[in-house]
Amino acid sequence: MNEEIDDNREVTLISNDCQQFNITIKEAKISKLIREIIEEEEEDDDSDCEDEVKTINIIKVSGDVLQYIVEYAKNYVLEAMDEIESPLKSVKVDEIVQPWYAEFIQKVYADGKLFQLVTAANYMNIQELLQLACLKVATTIKGKSQEQIREIFGLSPELTAEERKQIEEENKWVR
Amino acid sequence: MTEAGSEIITFERGWEEIQTKAIDKLESILDDGFKNVKGRMFGNEDYIQVYTLCYDMCTQRSPYNHSRELYQRHGETIEAYLTAKVLPALRARASQGGTILLNELQKRWANHQVMNKWMTKFFNYLDRFYVKHHSLQTLSQAGLRHFKQNIYEEIKPEATSAIIALIDEERDGNMIDKTLIKTNIELYENIGMGNLESYTNDLEQPLLDATRDYYAKKRELWIVHDSTPEYLIKAEKALQDEKDRVHDYLNPLSENKLLKVVEEEVLEKAETILLEKEGSGCYVLLSNDKSADLQRMCRLFSRLDNGLDPIAAIVKKFICDMGMEIVQQRQSRLEAGEKDKNDDPTFVKALLALHEKYLGVIKSDFSGHSIFQKALKDAFVEFVNKNVGQYKNTEFMSTYCDRILKSGGEKLSEKEVEETLEKVVQLFSYLTEKDVFAEIYRNQLAKRLLNGRSASSDAEKVMISKLKMQCGTHFTSKMEGMISDLAVGADSKGEFDEHMKSTDVKMDFSVQVLTTGFWPTYKSPEINIPDQMSTCMDIFKTWHDQRHQQRKLTWVFSLGNATVRANFGKKTYDLNVTSLQAIALNLMNGGKKKTYEELKQELNLDDSVLKPLMHSLSCGKYKVISKSPASNKINSTDSFVANAKFSSNTRKIRIPMASLDATHNAKKVDEDRNYAIEASIVRTMKARKTLKHQQLVAEVLSQLAFFKPNPRAIKKRIESLIDREYLERSADDSQLYNYLA
């Protein structure tokens, strides 16, 4: 649709803890979930405009994480993030993406919100952010033992045999 | 990845919510025909809730991960709606007529696209992981597949018949709902999910079959009732209509197939009948100059493979008939007692006019297609080489050129001369005996050049270069040699004039040196020459020998000219005569009476020269010599004396004399041909070493460009070469020749 056109109308994103974030439609559209909603409206452009989307409830995302996402989106429209090539050409994040993104994800990590950001990016369907977050996870756990990883991310102790089997079953495709 | 604090959603509870919030609403909107929808079908609140619900159900840990069930339910929901609602509605309409069915199908297809879109949006999260990891059809593809299996496959026979019926109606000139057809045809195109198999098998093929039937009936109708031009107008319109039809609502890939069917039915199967139709067939159109009809005919049949061949055959036959008529006219004139003259331009002009006309017709009506150019050529080759009467057509053509190129012939501008020559050369290219033309042309050229009768040396050069283009340098080398002899002559004339001034001979005297071989061979009688002349000749010979020691001069008196000043009574005349005439007049000077026998002795001439010589002086328009007894024929008993009573209004008089030589030497042509054939045989055998008789003859025939010898002549040459031991017959096979080095 009108992807190339700068759409500077604003839309308000509301987190599950009722924090509000104003963002332009152009910025918001890096989320494919939001794009689906807005484009549906654009298709009906000829109908009355009262119907225009003003607010969108981002049900699954909390304010502190949505804050990061909005920050990411605003920067993304200024300078699109480099594509993360697979296999990774380095083990250091700042050698793979631009400095802003490397600092950004480091900040999220330090804030202990990395896992929540992964979930939120997945939910809101923001591929580039999801990749960046996963990249951070990958570089962080590289060369670490199970215990260290669990400590870093504050995960619960060992899985039961049953749970382990379950996870393997679910993630067959990984192998 | 369940977030802490949120509770597990069971499939039953989740599905119930999706069912009520999304599916029931969607289906009721479709059923109501969007009556109650203002703006968005689903607000973003509703949508994001359903999306989130699906997201949750797909991201819960096993055993609460419901991806598989959701994917299944997505399909089942669509299938159920299609079989329960859509199919019965279509079935009910099918019996009410084609248009009603198509309208319903159009609506249901549009509905399905809306449903499919929303179902894809709601279950979007499935597409992202579940579908990918299990390599399933995407939601949208699955939705389309359900429509294909449950609706399309069921209803397509009726739908296709309905579409074809509407198209046939449009062909009959009725207005139809093109948009309805277009949207339905889009269904056929899209249902294949990227390939056109459904469209081609389910719609296109039946349509092609129906089209064939339709136009087969039309053909049978038209061919009885319409003339060829009327039929072709209809055929052309039909083709245009079908092309527009494809553009209007069919897939572009159908265009060629559809047009081919129409071409086969309307053109190919009717071609012979149309072309030969009595009163309006191709031949009739040609004879009536029906340009527009012929153009259309050519345009239409050029669409078929080899479709132009039969037309070209008729064109050839027609032109051939026209040409033969010209030949016949000439024959009838001769039979009616007209004298056959080689300089009669009527015949050549008629051929030129015919050629020009049909060259134009082929260019404009048959778009210059090579097959018609060939037809024209073949036709002309056929009748241009049909000789009737005493003179061959080659001679007519060459003489026609002579007429154009010689001063005082046709009055034409420089441009017209060149154009006419171009046309004659085109005609010339059809001649099989080009060598005969060359021989005659060379004789006539020689005469023009030597008698100073050539109107323009530029025109001469133009003509030679045209012949050269047609036949190559070998063909024109002698003619070019003749022209250059004259150029050299003009240069050296000045020098010789200077030389003459330094002698005490006071006479205008000039000599044109001709190179042996370039020029025709002329009779050169050993006439006794008066002293004044021989003095001049000696001066020239000495001068020439100094400059060219290796060259031998031979004098050709029969070609020379002289001006003789003669007094008759009180009046003085300048007589412009040939050298021979001048010598004879010199003898008659002073009013002496001489008998024929005396003249014969004194001049040292035989009858074949003396008779025409004396005839020109005593029986022509200007009788400067009187003959007794007076008559129009020279007898060996006649006697002659200068005509004292001669008088004329003009002071300068040209007295022509009949040529001593024929226009060309047929024997020489034959000799040249023999050389050419032998050269070709030897060349071929040298390359091939051994060859069968038939192959050798064929090869020789293909090599000889300027004439077509008959195989017997070739055989004779082969035998002659065997006698001279260039070739031998093979010991094992009398049909095989070996080359002897």
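Everything numeric here is computed off the predicted structure, so don't read it as measured data.

Procedures and definitions
Residues numbered from 1 in each chain as written. Chains lettered and ligands numbered in written order. Predicted model: local features only at pLDDT ≥ 70, side-chain atom pairs only at ≥ 80, totals over all residues. Heavy atoms only, no water. Pairing = 2+ DSSP bridges. Helix = DSSP H or I, 4+ residues; strand = E, 2+ residues; numbered from the N terminus. Axes fitted to C-alpha atoms, helices over the stretch in contact; angles between N-to-C directions. Contact = heavy atoms within 4.5 Å. Domains from an automatic or database assignment. Buried area = accessible area lost by both parts, 1.4 Å probe. Salt bridge = Lys/Arg side-chain N within 4 Å of Asp/Glu carboxyl O. Buried < 20%, exposed > 50% of the residue type's maximum accessible area, 1.4 Å probe, protein only. pLDDT = per-residue confidence, 0-100. UniProt positions renumbered as here; feature names shortened; annotations may be inferred. Expected span 1.5 Å × (residues − 1). Core = buried A, V, L, I, M, F, W, Y, C linked by side-chain atoms within 4.5 Å.

Re the sheet that holds strand β6 (residues 652–654) of chain B
Residues and elements named next belong to chain B. A sheet is described by the order of its strands in space; here 3 strands give the open sequence β1-β2-β6, paired in mixed fashion. The strands lining the two open edges of the sheet, one partner per strand, are β1 (561–568) and β6. Sheet twist, expressed as the average angle between the axes of neighbouring strands with direction ignored, equals 25°. Bridging between strand β2 (residues 571–578) and β6 involves 3 bridges; their strand directions are parallel. Of the residues in β6, the one forming a bridge with Asp574 is Lys652. The sheet strands contacting helix α24 (residues 579–588) are β1 and β2, and the helix crosses β2 at an angle near 135°.

Brief notes about the domain arrangement of chain B
Residue and element names in this part refer to chain B. By the assigned domains, chain B splits into domain 1 (11–194), domain 2 (201–307), domain 3 (310–477), domain 4 (557–654) and domain 5 (666–739). Each of domain 1 and domain 2 was reduced to a C-alpha centroid, and the two centroids are 43 Å apart. Summed over both sides, the interface between domain 1 and domain 2 buries roughly 1500 Å², with carbon and sulfur atoms accounting for 58% of that surface. Among the residues domain 1 hides against domain 2, the three largest losses belong to Ile164, Arg171 and Ile185. Together they make up 38% of the total. Inspection of the domain 1/domain 2 interface yields 4 salt bridges. A salt bridge links Glu242 to Arg171; its shortest N-O distance comes to 2.7 Å.

Observations concerning the pattern of salt bridges
Residues and elements named next belong to chain B. The full count for this structure, using the stated rule, is 67 salt bridges over all chains. Across the pair Arg296 and Glu236 runs a salt bridge whose closest N-O atoms are separated by 3.1 Å. Taken together, the positions of Arg296 in helix α14 (residues 291–301) and Glu236 in helix α10 (residues 228–249) put the pair 60 residues apart, joining distant regions of the chain. Taking the shortest distance from any N to any O, the salt bridge between Glu263 and Arg303 comes out at 2.7 Å. Note that Glu263 is positioned in helix α11 (residues 254–267) and Arg303 in the loop between α14 and α15 (309–335), a separation of 40 residues in sequence. Here Glu263 falls in the buried class, since its relative accessible area comes to 11%. Among the ionic contacts, a cluster of salt bridges with common partners joins Asp168, Glu170, Arg171, Lys178, Glu242, Arg245 and Asp248.

Digging into the confidence of the model for chain B
Residue and element names in this part refer to chain B. Across chain B, pLDDT averages 85, with 98% of residues at or above 70. The model gives residues 1–5 a pLDDT under 50, and that stretch makes 6 contacts with residues more than four places away or in other chains. The complex model carries a pTM of 0.72, and its ipTM stands at 0.85.

Quick look at the sheet that holds strand β1 (residues 10–14) of chain A
Residues and elements named next belong to chain A. The strand order across the open sheet formed by 3 strands is β2-β1-β3, and the pairing between neighbours is mixed. This sheet does not close on itself; its edge strands, each paired only once, are β2 (20–24) and β3 (55–57). For this sheet the average axis-to-axis angle between neighbouring strands, irrespective of direction, equals 30°. In this sheet, β2 lies alongside β1 in antiparallel orientation, the contact comprising 5 bridges. In the sheet register, Thr12 faces β2, and the bridge partner there is Asn22. The strands that helix α3 (residues 63–78) touches are β1 and β2; relative to β2, the one it contacts most, it runs at about 15°.

A short note on the UniProt feature "domain: Cullin family profile" (unreviewed entry) in chain B
Mapped onto the present numbering, the UniProt feature "domain: Cullin family profile" (unreviewed entry) falls at residues 392–618 of chain B. Between the end C-alpha atoms of residues 392–618 of chain B there is a gap of 33 Å, over a span that is 60% helix and 8% strand.

Let's talk about the confidence of the model for chain A
Per-residue confidence for chain A gives a mean pLDDT of 79; residues scoring 70 or more make up 82%. Scored below 50 in pLDDT, residues 44–50 of chain A makes 3 contacts in the model with residues more than four places away or belonging to other chains.

Describing helix α17 (residues 370–384) of chain B
Look at α17(B): 20 Å from first C-alpha to last across 15 residues, which is about the 21 Å you get at 1.5 Å a residue. Tucked inside the fold, the buried residues of α17(B) contact α14, α15, α16 (346–364), α18 (393–405) and α19 (414–428) of chain B.

So, the nonpolar core
In terms of nonpolar packing, the biggest core is built from 118 residues, with A:Tyr72, A:Leu132, B:Ile18 and B:Phe123 touching the most fellow members. Broken down by element, this core gets its largest block of residues, 13 residues, from helix α7 (residues 139–171) of chain B. Two domains share this core, each providing at least three of its residues, namely domain 1 (11–194) and domain 2 (201–307) of chain B. The next biggest cluster of nonpolar side chains, apart from the first, holds 103 residues, and it includes B:Trp222, B:Leu232, B:Phe372 and B:Tyr739.

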